[in-house]
Amino acid sequence: MRARTLLAVAPLLVAPPGGCGEAAGPPPVPPPADVNPAPRAEVRTGGTLRWPLPEFPVQWNVNHADGSRSAVGTVVRAVLPVLMRADARAVAHPVPEYLLSARVTRLRPRQVVTYRLNPAARWSDGRRLGVADFAAQARALSGADPRFRVATVTGYRQIARVEAGTAPGEVRVVFARPYADWRGLFSPLYPASRTAAPDAFNRAWTNRIPVTAGPFRVARIDRMQQTVTLVRDSAWWGRPARLDRIVFRALDGAALPGAFAADEIDLIDVGTDAAALRRAAAAPSAAVRRAAGPDWRHLTLNAARPALADVRVRRAVFAALDRTALVRADLAGLDWPVRPLGNHFVVPGRPGYRDNAPPYDPAAARRLLDAAGWRLHGRHRTRGGRTLVLRFVLPAGVPGAKPEAELTRAMLRNVGIGVDVRIVPVADLFDRYVAPGAFDIVPFTWLGTAFPASALRSAFARPSGGGLLQNYARHGTAAIDRAMDRAASAAGDPRRARALLDKADRLLWREATVLPLYQRPQIVVVRRGLANLGANGFSEPAYEDIGFTRP
Amino acid sequence: MTRRLPGNRRTTAGAVLLTALFLAAFLGPLVAPWDGERIDYAAFRAPPSAAHWLGTTQSGRDVLALTLQGMRTSLLVGLLVAVLSTGFAAAVGMTAGVLGGWADRLLMFGADLLLVLPSFLAVAALAPSLGGGPGLVPLIAAFLWMITARMVRAMTLSLNRRDYVRAARYLGVGPVRVVVRHILPHLASLLIVDAALNVSLAILTESGLAYLGFGAQPPDVSLGTLIADARAAAPVYPWLFAAAAGPLVLIVLAVNLLGDGLRDALDPAIARCS
């Protein structure tokens, strides 16, 4: 009887958003993670989880330039060692199956991190995890050898050497410069046997995952069906995986709500698409998980373009945009609190978050434009015979991008700035517009991590020597770089690191290159009963604990 | 005369419907409470209400106003393409038929060349460089004239051999005058019907291109872009989809009724059969 009552109540808890909840006042602030946590005893052994991927990767080495994609990370974290796993509060802890401990054992003269490996940890080819694997990964990702086609060198660049410790199974990583975000390194760890040589690093992981060491192993990578099937690995030395099988399947975003409703997949990340949310949530046995995730939406202004090279014009654009209205439009129908994001590094709910945004002030925008020499003639502003018109480039079919463009256009017209909206195919957005700089304003999402200072460095660092990294605004200052670098190297003093990051953020607002809009909601519709997976927020799932609770 | 009534009735129905749609598209904005450019910051993706009769989009734009704007784009594109392509077809077909010889071969070779091109793909490839909406008119027209031109040429050839045309020639009337005085009047019915049918073809082509992202660029809208925007949300927010798809169906229906009716009314051979 009790079970039935519970079941009858459950749909009320997951009532579809919008519509019925409008009179209830502002929706509550979502938690940092919502994964339906359940102790292992309550999770049934067996079952198949059908998990959609946004695309079907070819390169399964996530550290390779072609493999640095969310789909690759999602899959390989089930089969490769994840040494440190972040919890909901974005604190990374050693995973006991791989590490007995990991800590900074020395700060001076050089930072040393000592890892004590679990002696039971073995690769599927029989070798033990060891110093060779650490050394190979550190060397490949150091950027010293260009034959390794790496996606990023952040963190690994700072490593001076990797050596065996005094006790067996001990690995000492010595940093040339202090590096505060060392917990983000070596997760996942790739085996030296298949990554030590540049050729293996680049080619051994195309269309296959040759060696594993995790709760699951790869049963089949089917390129025709675009599926990856993982099965429970009996050689796993930890607590056995609850699920029999995980089937990953590449599906187009537009097909996801239908596939979920047709019971072909068990979870769907609806992002900010209210229509997808309502369709998926209406399916029988659906449950909605919501978390305030690490990702954030923003507008990047291209400071290399003639009009926007003037910081006053960029500040005018910032002041003329009513971010609250933009956020309200983007999040309409999601039943999500409207909170414009006021920081470039830290999202609300994380320690160190401070709203440093200037206020919405169209009058100030007009004054700034006047001061910059752009005079109002009729409805447009001109200077030296040129009209102030900005090109807003947006990808076709991405929910939210079009309202952002249309509202930006209306708001900027209000202060005399014309906006020319260009819709381009999604696949072309970065390759043909953002990276070459053929835009004035572009909206997209930065994927957040638990380590903002190091992860976002490439987005804000001053472009040097033709290398943009990911600074698509094409502008930075030495002061911002210094603050970011000092924050990243403030190992062992989180308060100081936060203060430095806050300083970098305030400097960024002054340069007015990247306008944060909102912390992107993480809304995941799952099959009811799915436990220990959902809206993960900052946390990373322990794949062996994922499963379905007993009905 | 009585036998032609079915055709006439369809003509009337089509003409009335089309006139009503035209009036709605061009005079509707005078009555509608919002215009398509204005943004209602208090209503993002609101369902139909007294303030917004067909609701609003996610950007707070009034769906009714957008639909009327889209209808204007689509109707204009349809009419312009029809006039252009049929006019061009008539000119090419008659020139080829009257002049004959190398001019005939050259023009028909051009027509055949365009016929074998996959026209939709070609238009889609060229569309981005022309901008959307009205910019597409010459492009769509360029791929609609070939078959009509061949028909016009064939009819011109047969008309050219008629006695009164020959007589006019022998009396020293120039080719231009022969065409205008003696050939064109006989082609009128064919051209009118062809133009009417081209209207709906053009509207559908433009909508298809807009749906794929090659049509009108914001803030301009056409029915195709509205349908594309509403498609993903159609099961959940049906009013967005219906507001765009409904008028498209009605316009194409009206134009086809008109075209069919005119063909029946003007072509005695078909009228007898029906």
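Once a new chain begins, its residue numbering starts again from 1 and follows that chain's sequence as written. Just so you know, chain letters begin at A and ligand numbers begin at 1, following the order they were written in. Given that the model is predicted, a residue must reach a pLDDT of at least 70 before its local features are reported, and side-chain atom pairs must reach 80 or more before they are shown or counted; all residues, however, enter totals for whole chains, interfaces and linings. Water and hydrogen atoms play no part in the side-chain values, which are based on all heavy atoms of the structure.

Under the annotation held in an unreviewed UniProt entry, chain B carries the name Oligopeptide transport system permease protein OppC and is attributed to Actinomadura rayongensis. UniProt positions are given in the numbering used here, feature names are shortened, and annotations may be inferred rather than shown by experiment. Recorded under Sequence similarities (unreviewed entry), the UniProt text for chain B is reproduced unchanged: "Belongs to the binding-protein-dependent transport system permease family. OppBC subfamily."

As recorded by an unreviewed UniProt entry, chain A carries the name ABC transporter family substrate-binding protein and is attributed to Actinomadura rayongensis.

Caption draft 1: Main features of the overall build of chain A. When helices and strands are tallied, chain A shows 15 helices and 21 strands. The C-alpha atoms of chain A give 24 Å as radius of gyration, which agrees with the globular expectation for 551 residues (24 Å, within 12%). For chain A, the spread of C-alpha atoms along the principal axes amounts to about 75 × 65 × 45 Å. When a residue's accessible area, from a 1.4 Å probe over protein chains only, is under 20% of the maximum for its type it is buried; when over 50% it is exposed; and in between it is partly exposed. The buried share among the 551 residues of chain A stands at 54%. By the criteria applied, helices consist of DSSP H or I runs no shorter than four residues and strands consist of E runs no shorter than two, each listed in order from the N terminus. Between the two quantities, the radius of gyration covers C-alpha atoms and the globule rule is 2.2 Å times the number of residues to the power 0.38.

Caption draft 2: Layout of the pairing of strand S10 (residues 245–250) of chain A. Residue and element names in this part refer to chain A. Strand pairing is assigned whenever DSSP identifies at least 2 bridges connecting the two strands. Sheet analysis places strand S1 (residues 48–53) next to S10, joined by six bridges and oriented parallel. Within S10, the position partnered with Leu53 by the bridge is Ala250. Two elements, strand S9 (residues 227–232) and S10, share five bridges in a ladder whose sense is antiparallel. Residue pairing for S10: Val228 is matched across the bridge by Phe248.

Caption draft 3: Representation of the packing of aromatic side chains. Centre distance within 6.5 Å is the pairing criterion for rings of Phe, Tyr and Trp, where only the six-membered ring of Trp is used; planes under 30 degrees apart are then read as stacked, over 60 as edge-to-face, and the remainder as tilted. Under the defined criterion, the tally for this structure stands at 24 aromatic pairs over all chains. Here Phe148 of chain A and Phe201 of chain A contribute two aromatic rings whose centre-to-centre distance is 5.3 Å and whose plane-to-plane angle is 85°, an arrangement assigned as edge-to-face. Within this pair, whereas Phe148 of chain A is found in the loop between helix H3 (131–140) and strand S6 (159–164), its partner Phe201 of chain A is found in helix H4 (residues 198–203), the two being separated by 53 residues in sequence. Taking 4.9 Å as the distance between ring centres and 85° as the angle between the ring planes, the aromatic pair formed by Phe88 of chain B and Trp145 of chain B counts as edge-to-face. In this pair, Phe88 of chain B is assigned in helix H2 (residues 63–99) and Trp145 of chain B in the loop between helix H5 (137–142) and helix H6 (146–160), connecting sequence segments 57 residues apart. For Phe88 of chain B, a relative accessible area of 41% gives the class partly exposed. Each member of the aromatic cluster is reached from another via a ring pair, and the members are Tyr115, Phe134, Tyr156, Trp182 and Phe186 of chain A.

Caption draft 4: Layout of the packing of H6 of chain B against helix H8 (residues 175–211) of chain B. All names here are of chain B. Geometry is summarised by axes, namely lines fitted to C-alpha atoms with helices restricted to the contacting stretch, and by angles between N-to-C directions that run from 0 to 180 degrees. Contact pair H6 / H8: the axes reach a minimum separation of 10 Å and the direction vectors enclose 155°. Comparing their axes, H8 and H6 come out roughly antiparallel. Both H6 and H8 take part in a crossing whose hand is right-handed. Contacts from Thr148, Met151, Val152, Met155, Thr156, Leu159 and Asn160 of H6 reach H8 at Ile183, His186, Leu187, Leu190, Leu191 and Asp194. Just so you know how the angles are binned, under 35 degrees is roughly parallel, over 145 roughly antiparallel, 65 to 115 roughly perpendicular, and the rest oblique. We call a crossing left-handed when the near helix sits turned anticlockwise from the far one by less than a right angle, and right-handed when that turn is clockwise. Contacts between residues were defined by any pair of non-hydrogen atoms, one from each residue, lying within 4.5 Å.

Caption draft 5: Geometry of a nonpolar patch on the surface. All names here are of chain B. Taken together, Leu23, Phe26, Leu27, Leu30, Val31, Leu76 and Leu80 make up a surface patch of nonpolar side chains, about 700 Å² in accessible area. In terms of residue count, the dominant contributor to the nonpolar patch is helix H1 (residues 5–31) (five residues). If you trace the backbone, Leu76 turns up in helix H2. Patch construction takes residues with relative accessible area above 30% that form no salt bridge. Like charges are linked within 9 Å, and nonpolar side chains (Val, Leu, Ile, Met, Phe, Trp, Tyr) are linked within 5 Å. Only the protein chains shown count as cover for residues, and all accessible areas are computed by the Shrake-Rupley method using a 1.4 Å probe. When a carboxyl oxygen of Asp or Glu is within 4 Å of a side-chain nitrogen of Lys or Arg, the pair counts as a salt bridge.

Caption draft 6: Representation of the UniProt feature "transmembrane region" (unreviewed entry) in chain B in the model. All names here are of chain B. Here, UniProt's "transmembrane region" (unreviewed entry) annotation points to residues 12–32, 75–99, 106–127, 133–152 and 236–258. Here residues 12–32 is 95% helix and 0% strand, with 28 Å between the C-alpha atoms at its ends. Helix makes up 86% of residues 106–127 and strand 0%, and the two end C-alpha atoms of the span are 27 Å apart.

Caption draft 7: Fine view of the interface of chain A and chain B. Tallying the contact residues gives 21 residues for chain A and 18 residues for chain B. When the buried surface of chain A facing chain B is broken down by residue, Ala275, Lys402 and Glu406 of chain A rank first, second and third, together holding 24% of it. If you look at where chain A meets chain B, you find four salt bridges. N or O atoms closer than or at 3.5 Å make up a polar contact, with two conditions inside protein: a donor-capable atom paired with an acceptor-capable one, and, for residues adjacent in sequence, both atoms drawn from side chains. The tally of links from chain A across to chain B stands at eight residue pairs in polar contact (both at pLDDT 80 or more). Buried area: the accessible surface (1.4 Å probe) lost by two parts on joining, summed over both.

Caption draft 8: Seen up close, the confidence of the model for chain A. The predictor attaches a confidence to each residue, called pLDDT, with possible values from 0 through 100. A residue-level look at chain A finds 94% of positions with pLDDT of 70 or above and a mean pLDDT of 89. Every residue in residues 1–23 of chain A scores below 50 in pLDDT, and together they form 13 contacts with partners more than four places removed in sequence or on other chains.

Caption draft 9: Summary view of the packing of H8 of chain B against helix H9 (residues 223–231) of chain B. All names here are of chain B. Interaxial distance between H8 and H9 falls to 7 Å at its minimum, and their mutual angle equals 40°. By the criterion of interaxial angle, the relationship of H8 to H9 is oblique. In this structure, H8 meets H9 at a crossing whose hand is right-handed. Across from Ser207, Ala210 and Tyr211 in H8, the residues of H9 making contact are Leu223, Gly224, Thr225, Ile227, Ala228 and Arg231. Class assignment for the residues of the contact of H8 with H9 results in five nonpolar, three polar and one charged. Under the scheme applied here, ten amino acids are nonpolar (Ala, Val, Leu, Ile, Met, Phe, Trp, Tyr, Cys and Pro), four are charged (Asp, Glu, Lys and Arg), and all others, including Gly, are polar.

Caption draft 10: Examining helix H3 (residues 101–116) of chain B more closely. All names here are of chain B. With 16 residues, H3 extends 23 Å between its outermost C-alpha atoms, agreeing within 8% with the 22 Å of an ideal straight helix rising 1.5 Å per residue. All of the buried residues along H3 are Ala103, Asp104, Met108 and Ala111. The arc that holds every buried residue of H3, seen down its axis, measures 115°, which confines them to one face. Of the exposed residues in H3, those oriented more than 90 degrees away from the buried face are Trp102, Arg105, Leu106, Phe109 and Val116. At its buried positions, H3 is contacted by H2 and H6. Expected helix span is computed as 1.5 Å times (number of residues minus one). When we speak of the arc, we mean the arc of directions from the helix axis to the C-beta atoms.

Caption draft 11: Quick peek at the sheet that holds strand S8 (residues 216–222) of chain A. All names here are of chain A. Reading across the sheet, the four strands line up as S1-S10-S9-S8 and stay open at both edges, with mixed pairing between neighbours. Across the chains shown, the open sheet's two edge strands, defined by having one partner strand only, are S1 and S8. Averaged over all pairs of adjacent strands, the angle between strand axes in this sheet comes to 20°, irrespective of strand direction.

Caption draft 12: Examining the sheet that holds strand S15 (residues 386–387) of chain A more closely. Residues and elements named next belong to chain A. The antiparallel open sheet is built from three strands, whose spatial order is S13-S14-S15. The open sheet terminates on both sides in strands that have one partner only, identified here as strand S13 (375–377) and S15. Pairing of S13 with strand S14 (residues 380–383) involves three bridges; the strand directions are antiparallel. Bridging from a neighbouring strand, Leu376 pairs with Arg381 of S14.

Caption draft 13: A look at the pattern of salt bridges. Residue and element names in this part refer to chain A. Across all of its chains, the model carries 38 salt bridges over all chains by this definition. With its nearest N and O atoms 3.1 Å apart, the salt bridge here joins Arg69 to Glu55. In this pair, Arg69 is assigned in the loop between S1 and helix H2 (70–79) and Glu55 in the loop between S1 and H2, connecting sequence segments 14 residues apart. You can call Arg69 partly exposed: its relative accessible area is 41%. Between Asp244 and Arg232 there is a salt bridge, with its nearest N and O atoms 2.8 Å apart. Highlighted residues: Asp244 in the loop between S9 and S10 and Arg232 in strand S9, separated in sequence by 12 residues. A residue is classified by how much of its surface remains accessible, and Asp244, at 31% relative accessible area, is partly exposed.

Caption draft 14: Representation of the side chain of Ser101 of chain A. For Ser101 of chain A, the position within the fold is in strand S4 (residues 99–106). In this view, Ser101 of chain A contacts Thr114, Tyr115 and Arg116 of chain A; residues no more than four positions away in its chain are not counted.

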